[in-house]
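Residues per chain are reported as follows:
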Protein chains: 2
Amino acid sequence: MSNIKLIIEYDGTNYAGWQVQNGSQKRTIQEIIEKALQEILQEKVKVTASGRTDAGVHALSQPANFKTRSRLSPVKIKDALNALLPEDIAIKRVSRADEDFNSCRSAKSKLYRYLILNSRLKSAFLCRHSWRVLHPLNLKLMQSEARVLRGRQDFKAFCASGSSAKTTTRTIKKISVKSIRYQLSAISYPLIAIDIESDGFLYNMARNIAGTLVEIGRGRFKEGDLKKILFSRDRRQAGPKAPSRGLFLAKVRY
Amino acid sequence: MSNIKLIIEYDGTNYAGWQVQNGSQKRTIQEIIEKALQEILQEKVKVTASGRTDAGVHALSQPANFKTRSRLSPVKIKDALNALLPEDIAIKRVSRADEDFNSCRSAKSKLYRYLILNSRLKSAFLCRHSWRVLHPLNLKLMQSEARVLRGRQDFKAFCASGSSAKTTTRTIKKISVKSIRYQLSAISYPLIAIDIESDGFLYNMARNIAGTLVEIGRGRFKEGDLKKILFSRDRRQAGPKAPSRGLFLAKVRY
């Protein structure tokens, strides 16, 4: 048996997330990739990703792996997958992995990026890939408050209620809030990127942190509030969950 | 009566083009904007654009105008439109225009941009907004050949058959083929932008020129062939029509 590793990029707009979800009309990324692999390898395979992404969430780099009896080369698998998969799912890399490599269990940390279009200018091209916030955001305050979240802490306040996680303690290795420009022909859009690298993410943690930082940026929460929210361990104290369309799984380290 | 001018940006992916087209299941941009204006102004209006764009074609800046009895300010109209219109149609500017301004008839020139993703790398994010050509393109040859099209010429070879245009002579003021990079997080994609500014475009002219330039770039046509194609005035000599998803109406001058 070979253990094959994939690096997948996808625009999550038209999908019900990575994993099959009951009751959704939309297809899932996992389902579509497994179906394509079955056609290529003439064998049923189960594809494991580094983690599920929710409906509407994108991936710049989602690692996944599967075991197969097929002797098809990684290059051939890559080309065949890209030919069969829809345009909004792209296979960036295919390689052989060690027998015991598991995309999910072997992951050391994940980096999520959240994009905010902070502008009164509506954009027909950025709307699928960012959350538009009309109210001007105080970037400096978002930056200084975000530092509070670094390190090993209990992130229960940012975990969706009803989550089955055994512990709500995680280690945020890096968190940054920066201003970037997106140039589209003659028009330049002001985007804010929130990058969070952690050894693990609780359910909705990245979106709940992004939503809370936006509340800080627009002045609904003030200096020092983020620390209080974190220590409260109470989801109701934090800000609302930011919409899925602004979230990208950017990098997974092993 | 006021004459109101709009500047509209749209992602054409989900639309059957600007103008109502019989037999299409998809909605048109004109239809959606007129419906929104009727709701805002409490009056039926007819919106004239600088020109129709085909199904799937995008606009970075599509000027349009309409006459109304309403005294609503341009700012109010803009905000109301942006609130009512779907996310992939954005109103960039609203202003009062001279009584005799007509977006279509007053246009002096139009600039179209065609984007090609010249890469074996599939991109889940660029697929809606560019044509992916896997074969490496000879940019220098595309650039030197494109010069042949400048000036006042008969572009019949690049006009869709069945077009009702009275004359097929137009003046291409500028045409350029350049390499640009699109940076998406850690990955940089090589794009080729074909910019064509003309006093008018025949039906499918921009896409037929783009398709022909790609045939030159990939070596199916050789140096000197574009001149022969132009002079042949025969659509069958030119290359295939490039897909709509790479085409953007970028600027209209008055």
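This text follows the structure it describes.
Residues numbered from 1 in each chain as written. Chains lettered and ligands numbered in written order. Predicted model: local features only at pLDDT ≥ 70, side-chain atom pairs only at ≥ 80, totals over all residues. Heavy atoms only, no water.

1. Observations regarding the side chain of A:Asn208
All names here are of chain A.
Move 1: Here Asn208 is to be found in helix α4 (residues 205–217).
Move 2: Look at Asn208 and you get buried, because its relative accessible area is 1%.
Move 3: A distance of 3.0 Å separates a polar atom in the side chain of Asn208 from the backbone oxygen of Phe158. (Helix = DSSP H or I, 4+ residues; strand = E, 2+ residues; numbered from the N terminus. Buried < 20%, exposed > 50% of the residue type's maximum accessible area, 1.4 Å probe, protein only. Polar contact = N/O pair within 3.5 Å; in protein donor to acceptor, adjacent residues only side chain to side chain.)

2. Here we look at the environment of B:Lys76
Move 1: In this structure, B:Lys76 sits in helix α2 (residues 74–84).
Move 2: Sequence spacing of B:Lys76 and B:Arg120 is 44 residues, and the spatial spacing of their C-alpha atoms is 47 Å.

3. A look at the pattern of salt bridges
Residue and element names in this part refer to chain A.
Move 1: The final tally for this structure, using the stated rule, is 26 salt bridges over all chains.
Move 2: Ionic pairing is found between Arg128 and Asp11, a salt bridge with its closest N-O pair at 3.1 Å. Of the two residues, Arg128 is situated in the loop between β5 (109–117) and β6 (131–132) and Asp11 in the loop between β1 (2–10) and α1 (29–41); the sequence distance between them amounts to 117 residues. Here Arg128 matches Asp11 in class, with each residue buried.
Move 3: One salt-bridge network, in which partners are shared between bridges, spans Arg113, Lys178 and Asp195. (Salt bridge = Lys/Arg side-chain N within 4 Å of Asp/Glu carboxyl O.)

4. A look at the interface of chain A and chain B
Move 1: Taken together, the contact between chain A and chain B spans 31 residues of the former and 31 residues of the latter.
Move 2: Note on chain A versus chain B: buried area summed over both sides is about 2600 Å², and carbon and sulfur give 55% of it.
Move 3: Interface area lost by chain A to chain B is led by A:Glu87, A:Lys122 and A:Phe125, which between them contribute 29%.
Move 4: Two residues, B:Arg120 and A:Asp79, come together in a salt bridge whose shortest N-O distance is 3.3 Å.
Move 5: At the boundary of chain A with chain B, the tally comes to 18 residue pairs in polar contact (both at pLDDT 80 or more).
Move 6: Its residues assigned to classes, the side of chain A that touches chain B shows 16 nonpolar, five polar and 10 charged. (Contact = heavy atoms within 4.5 Å. Buried area = accessible area lost by both parts, 1.4 Å probe. Nonpolar A, V, L, I, M, F, W, Y, C, P; charged D, E, K, R; others polar.)

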